[in-house]
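Residue strings, one per chain:
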Amino acid sequence: MSGIDATVTEWGSLEVAGGRARYCKIAAALAAHGGQVDVMPFCLRVLTENIARNLDATGADGNTALAALARWPASAAVALPLFVTRVILPDSSGLPVLLDLAALRNAVAEAGGDPTWVTPRVPVDLIIDHSLQVDHAGTPNAMVLNLQREFARNDERYRFVKWAQSALGGVRVFPPGTGIIHQVNLEHLATVVTQRDTPQGPLLMPDFVIGGDSHTPMVNGLGVLGWGVGGLDAEAILLGRPNTIALPRVLGVRLVGRMQAGATTTDLALLVTQRLRAHGVTGDFVEFFGPAAAALAVPERATLANMAPEYGATMGFFPVDTKTLDYLRATGRTDAHVERVDRYCRANHLFRDADASVPVYSDEVVIDIGDAVPTLAGPRRPQDRLPLPDVVQDFRTRLQLPSEAGGFGINGPVCVDDKAHQQFGHGSIVVAAITSCTNTSNPAVMVAAGLLARNAVARGMRPPSWVKTSMAPGSQVVTRYLAAAGLLAPLEALGFHVIGYGCTTCGGKSGPLDADVAATIEREGLVVATVLSGNRNFEGRIHRLARANYIGSPPLVVAFALAGRIDIDVTRDPIGVDANGNAVMLADLWPDADELAQAIAATADPSLYRDVYANAETGPELWRQLSAPTSECFAWNPTSTYLVKPPFVVGRVGDDALPERVVAARVLVAFGDSLTTDHISPSGEIPAASAAGEYLQSLGIAPKNFNSYVGRRCNHEVMLRGTFANVRIRNLLVPGIEGGMTRTFPGDVMMRVHEAARQYLAQGTPLLVLGGRDYGSGSSRDWAAKGTAMLGVRAVLAQSFERIHRANLVSMGVLPLRFATESGWRALGLSGTESFTLEGVRAGVLTGTPIAVTATGDAGSIHFVVTADVHTDDERRILLAGGMLPAVLQSIEAPVNEATP
């Protein structure tokens, strides 16, 4: 291994199945710089190994990073150049990644280079799980019909995937119907320890995955390092660039106590989300420890880790221990593989023993898991946790409030009749979905849902007719163990038929409501609710007609489906009546603890996992029948409305990309706190009356064939029209109005956001966005940044940014600028109608000096400063190049141009 400093990188060897294998010693790498491994959090030990093993590629930068890590916890701020072992992508972000790579191949070929240079250097798995919609539900043939409809909608997209798999190389595809990306990762793909063949022999290393979905940290529950990034970052990683991050803070979360009877892991996850979001962990690593953490099984750990983006952290890590080995065995991994994980992790200080000393953390938080009680989170955010008795009053209070005060914005007084629970009206539940890898990966809560359903069926209960019920497990294993336990039939009897294997409702693909139900909601302006076992309930995400959305455990989803309403206290009020007209309480249906434990134990059958995943890459017959071209460069169809060559491969350069001054800029849109990427770029239904819907209709596409925003993410014309156009977005330039509207200045004319952007662009006016705290929370959706950039926005000024969206803005050449004080734009007296001049922009990005801003309006000028929220030199280089793809293209073109006569 030439070029590696032997005093820093020391190699050990282990006996594993098939012979001996080498590994990079973490303790030695730290000791070479005077550090000690025992004080270091386990997640940072994995990063240390990664940097030490890859010093050939990182050189001086790697040595600087190791020296900083060795000083933990007194480490200085430093960039960590990391090389992942694999990349994992859902189709929602994966297809845009592949499309960008196809466009990059064209650009390289046009520059006279070899297009095959654009080939993944890192293994990538693409799991097609985000395109399935719940068109059919509550019937035995729903799954077959939904799969047929999925293929009919996405034929062109799926053929493109097959082209990419063949042409690009290194892309493994798991076809529709396999399961949800993070559950497939947990149950099948994750190795914990990876073995690679090298010229020096087999080499062992920790599994380290980067995903194009923000819930990639779910695999942290298995002891695998990984987190979500935007698609542009994933593209750079695939093309061999290191994933460079700033050395993070590591928050230690000590879990203590015991769970209360009746509480589930879902309730614990919502408690952790609330506590950590309030503590403030944006961009931090979170590492769980303590006696209660050690007692949690891997599926329970994975539920907590999955919610990392909801509490704001980069990841939520559980180190490898005996529970990890138990899970690997239970899910069908081989004995040889489990032994390799055990030996390597123990030898390299990555195995947490029961008596191991506690590492030193940047900060610590103690959470008593006994504080978890049966809970829903809502009606708009996962961190808005409500113990069950509090749900009804919170809902009724919000009915009376305007939207600006946290209410539902109903016009006029609302009459609430406690005796009207069997009538359809405010508070009725229209969607009840057992969905999302967050909970369907946990047999405990799935079995609990099945047992509650069995008890309800025995009493002759059924959900009201207006409730659309569905079940979309994260893998086929769930269906098999529920069927084996005799619990699938009672779920189906309540309408929870398996409608397919994908993200569905959790990702905004809940499908249509009954036509009469939808018409009544719109005609009467009703505030109706959804309940799902998912991880996100942002406004407009689950269904555009539902203003109140709640997250809960699978058994609570079943319970509220039976009740048919959200505005009752299910701990005190009956949730329904049985066949004899007798009132039935939730406690009457809740599963017995002993029976639940016995049923859970029966789900740990390794043969189920081996059978399900033996042919997972083959896919259904509909997938096998698809043909695709095999050319090196993709043949773009100029009439396609799905696959359109993206315009942002070549971006601004030089002073135009990063000027010193921005003059006479205008605010396109302005927002308060907690603006999500769902607000910025919706994922679900494309309304016929929206700008995107009207555009598609102008092309002759009927609304029934719109597909979703996810399905159209490879068409930038659709996506830019959808940017800042969520049906529930509230642009404070147009107070009291929901949807994608804004005002233009001077002139004060109201129009759609994309039309305003087009008008400003024609005038040569640079654009800004104003935001509050936690700007860009939620999904890793790179289209939230792509759309922002395509509208002509040069900078977003906010009080704070969520990690992934901040990085996505940088990757699109959009400046994330933070107000120098916590006051924000409204406290400064800004209205958003001013003309803005920014001075010292380039210097502020490159050196961190404050950027002076002058906002001039009718009442005079307001002066303040902002700082560039840029973390590494790599990000500064990206901004200088005008974005990630232009930076990659420039790095390719330089040697091409030198070689060209």
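Bear in mind the structure is a predicted one, so any value in this text is a computation, not a measurement.

**Q** Whenever I open this one, the overall build of the chain confuses me. Can you help?
**A** Across its full length, the chain carries 35 helices and 32 strands. The globule rule puts the C-alpha radius of gyration for 901 residues at 29 Å, and the 27 Å found for the chain is close to it. Oriented by its inertia axes, the alpha-carbon framework of the chain measures out at about 85 × 75 × 55 Å. Considering the chain as a whole, with its 901 residues, one finds that 62% of them fall into the buried category.

**Q** Would you take a moment to explain the state of the cysteines for this structure?
**A** As used in these notes, a disulfide is a covalent bond between sulfur atoms, one from each of two cysteines. In total, this model carries 0 disulfides according to the counting rule given. The thiol of Cys43 is unpaired, and the distance to the nearest cysteine sulfur, on Cys345, comes to 14 Å. Residue class for Cys43 comes out buried when judged on its relative accessible area of 0%. Of all cysteine sulfurs in the structure, the one in Cys714 sits closest to Cys633, which takes part in no disulfide; the separation is 17 Å.

**Q** What is the right way to read the pairing of strand E7 (residues 193-198) from this model?
**A** Side-chain positions along a regular strand alternate between the two faces of the sheet. Pairing analysis gives 6 bridges linking E7 to strand E8 (residues 201-206), with the strands arranged antiparallel. Among the inter-strand pairings, Val193 is bridged to a residue of E8, identified as Pro206. Taking the residues that link successive antiparallel strands as the turn, the E7-E8 hairpin has 2 residues.

**Q** Even after reading the chapter, I still don't get the pattern of salt bridges, so can you show me in this structure?
**A** For side chains of opposite charge, pairing can occur when their charged atoms come near one another. Under the counting rule described, the total for this entry stands at 49 salt bridges. In this structure, Asp874 and Arg241 form a salt bridge, with 3.2 Å as the shortest nitrogen-oxygen distance. Of this pair, Asp874 sits in helix H34 (residues 873-881) while Arg241 sits in the loop between helix H7 (231-238) and strand E11 (243-246), placing them 633 residues apart in sequence. Ionic pairing is found between Arg277 and Glu802, a salt bridge with its closest N-O pair at 3.1 Å. A residue pair is termed long-range when its members are at least 10 positions apart, and Arg277 in helix H8 (residues 265-279) and Glu802 in the loop between strand E28 (793-798) and helix H31 (803-811) qualify at 525 residues. Taking relative accessible area as the criterion, Glu802 reaches 6% and is therefore assigned buried. Salt bridges linked by common partners bring Arg380, Glu539, Arg547, Arg728, Arg730 and Glu738 together as one network.

**Q** What should I look at first to understand empty space enclosed by the protein in this one?
**A** Summary: where empty space remains is shown by rolling a probe the size of a single water molecule over the atoms. Overall, the coordinates contain 9 cavities of 30 Å³ or more when judged by the stated rule. The space that makes up the largest cavity amounts to roughly 280 Å³. Taken together, 25 residues line the largest cavity, and the ones lying closest to its centre are His130, Asp213, Arg536, Arg541 and Ser779. Looking at the lining of the largest cavity residue by residue, the class counts come to 5 nonpolar, 13 polar and 7 charged.

**Q** Got a minute to help me understand the sheet that holds strand E9 (residues 208-211) in this structure?
**A** Strand pairing within a sheet occurs via backbone hydrogen bonds; the two strands may be parallel or antiparallel. The sheet built from 5 strands is open, its strands ordered E6-E5-E4-E9-E10 with parallel pairing. Across the chains shown, the open sheet's two edge strands, defined by having one partner strand only, are strand E6 (171-174) and strand E10 (225-228). Strand after strand, the sheet turns through a mean of 20° between neighbouring axes, direction not considered. In the sheet, E9 pairs with E10 via 4 bridges, with the strands oriented parallel.

**Q** I tried to follow the packing of helix H16 (residues 443-458) against helix H20 (residues 554-563) on my own but got confused; where do I start?
**A** How two helices pack is summed up by the angle between their axes together with the distance between the axes. Relative orientation of the contacting elements H16 and H20 amounts to 30°, with a least axis distance of 7 Å. It follows from the interaxial angle that H16 and H20 lie roughly parallel. For the pair formed by H16 and H20, the contact residues are Val445, Met446, Ala448, Ala449, Leu452, Ala453 and Ala456 on the first element and Pro554, Pro555, Val558, Ala559 and Leu562 on the second.

**Q** Would you mind going over the confidence of the model for the chain with me for this structure?
**A** A low pLDDT score tells you not to read the predicted coordinates there in detail. Across the chain, pLDDT averages 92, with 96% of residues at or above 70. When the criterion is pLDDT under 50, residues 1-7 qualifies, and its contacts beyond four places in sequence or with other chains add up to 12 contacts.

**Q** Explanation requested: the side chain of Arg728 in the structure shown.
**A** Relative to the elements of secondary structure, Arg728 occurs in the loop between helix H28 (716-722) and strand E25 (741-744). In this structure Arg728 touches Glu539, Gly540, Arg544, Leu545, Arg547, His679 and Glu738, once residues within four positions along its chain are discounted.

**Q** So what exactly am I meant to see when it comes to the sheet that holds strand E13 (residues 285-289) here?
**A** Read across the open sheet, the 4 strands follow the order E14-E13-E12-E15; overall the sheet is parallel. Looking along the sheet, the strands with just one partner apiece sit at the ends: strand E14 (315-317) and strand E15 (363-368). Neighbour-to-neighbour, the strand axes of the sheet open up by a mean angle of 25°, direction not taken into account. As defined by bridge partners, E13 adjoins E14 across 3 bridges and the pair is classed as parallel. Note that in E14 the partner of Phe285 across the bridge is Met315. Packing against the sheet, helix H2 (residues 42-53) makes contact with strand E12 (250-256), E13 and E14, and its axis sits at approximately 125° to E13.

**Q** How should the environment of Asn582 be read in this particular structure?
**A** Relative to the assigned elements, Asn582 resides in the loop between strand E22 (576-577) and strand E23 (583-584). Sequence separation between Asn582 and Val841 is 259 residues, and the spatial gap between their C-alpha atoms is 70 Å. Setting aside residues up to four positions removed in sequence, Asn582 forms contacts with Gly576 and Val577.

**Q** Quick question: what am I supposed to make of helix H19 (residues 515-524) here?
**A** In an α-helix there are 3.6 residues to a turn, and that puts residues three or four apart on one side. Taken as a whole, H19 has its buried residues at Val517, Ala518, Thr520 and Ile521. Burial along H19 is one-sided: seen end-on, the buried residues are contained in an arc of 160°. Seen from the buried face of H19, the exposed residues on the opposite side, beyond 90 degrees, are Ala515, Asp516 and Arg523. Looking at the buried residues of H19, the elements they touch are strand E18 (429-434) and strand E20 (528-532). You can read the cap of H19 off the contacts: a side-chain oxygen lies 3.0 Å from the backbone nitrogen of Asp516, and it is on Asp514.

**Q** How should I be thinking about unusual backbone geometry in this particular structure?
**A** Keep in mind that most residues, glycine aside, have a negative phi and that most peptide bonds are trans. Here Trp72 and Pro73 are connected by a cis peptide whose omega angle stands at 10°. The omega angle of the peptide bond from Phe745 to Pro746 is -10°, so this bond is cis rather than trans. With respect to the helices, strands and loops of the structure, Pro746 is situated in the loop between E25 and strand E26 (749-752). Of note, the phi angle at His349 is positive, near 65°, even though the residue is not glycine. Residue placement: His349 occurs in the loop between helix H13 (335-347) and E15. By relative accessible area, which is 31% here, His349 ends up partly exposed.

**Q** What should I look at first to understand the packing of helix H12 (residues 322-330) against H13 in this one?
**A** One way to put it is that H12 packs onto H13 with a least axis distance of 9 Å and a crossing angle of 165°. Classed by the angle they form, the pair H12 and H13 counts as roughly antiparallel. In this structure, the crossing between H12 and H13 has a hand that is right-handed. Every residue of H13 that contacts H12 at Leu325, Leu328 and Arg329 is listed here: Val338, Val341 and Asp342. Looking at the contact of H12 with H13 residue by residue, the classes come out as 4 nonpolar, no polar and 2 charged.

**Q** In this structure, what is going on with the layout of surface pockets? I would like to understand it.
**A** Approximately 920 Å³ is the volume found for the largest pocket. Listing elements by their share of the lining of the largest pocket, those giving two or more residues are H8, helix H10 (298-306), H12, H16 and helix H22 (593-601). The element that contributes the greatest number of residues to the lining of the largest pocket is H22, accounting for 5 residues. Split into classes, the residues belonging to the lining of the largest pocket amount to 23 nonpolar, 8 polar and 4 charged.

**Q** Would you take a moment to explain the pairing of strand E4 (residues 86-90) for this structure?
**A** Burial within E4 is extensive, with 5 of its 5 residues counted as buried. Residues Arg86, Ile88 and Pro90 of E4 are buried on one face, and the alternating residues Val87 and Leu89, pointing to the opposite face, are buried as well. Relative to strand E5 (residues 124-127), E4 is paired through 4 bridges, and the arrangement is parallel. Counterpart to Pro90 in the pairing with E5 is Ile127. The handedness of the E4 to E5 crossover, carried by helix H4 (residues 91-110), is right-handed.

The rules behind each value
Residues numbered from 1 in each chain as written. Predicted model: local features only at pLDDT ≥ 70, side-chain atom pairs only at ≥ 80, totals over all residues. Heavy atoms only, no water. Helix = DSSP H or I, 4+ residues; strand = E, 2+ residues; numbered from the N terminus. Rg over C-alpha atoms; globule rule 2.2 N^0.38 Å. Buried < 20%, exposed > 50% of the residue type's maximum accessible area, 1.4 Å probe, protein only. Disulfide = S-S within 2.5 Å. Pairing = 2+ DSSP bridges. Salt bridge = Lys/Arg side-chain N within 4 Å of Asp/Glu carboxyl O. 1 Å grid on protein atoms, 1.4 Å probe; cavity = no way out; pocket = protein on both sides within 12 Å on 5 of 7 lines; lining within 4 Å. Points joined across faces, edges and corners; volume = space filled by probe spheres on them. Nonpolar A, V, L, I, M, F, W, Y, C, P; charged D, E, K, R; others polar. Axes fitted to C-alpha atoms, helices over the stretch in contact; angles between N-to-C directions. Parallel < 35°, antiparallel > 145°, perpendicular 65-115°, else oblique. Contact = heavy atoms within 4.5 Å. pLDDT = per-residue confidence, 0-100. Arc of directions from axis to C-beta. Polar contact = N/O pair within 3.5 Å; in protein donor to acceptor, adjacent residues only side chain to side chain. Left-handed = near helix turned anticlockwise from the far one by under 90°. Right-handed = clockwise from strand over helix to strand, strands pointing away.

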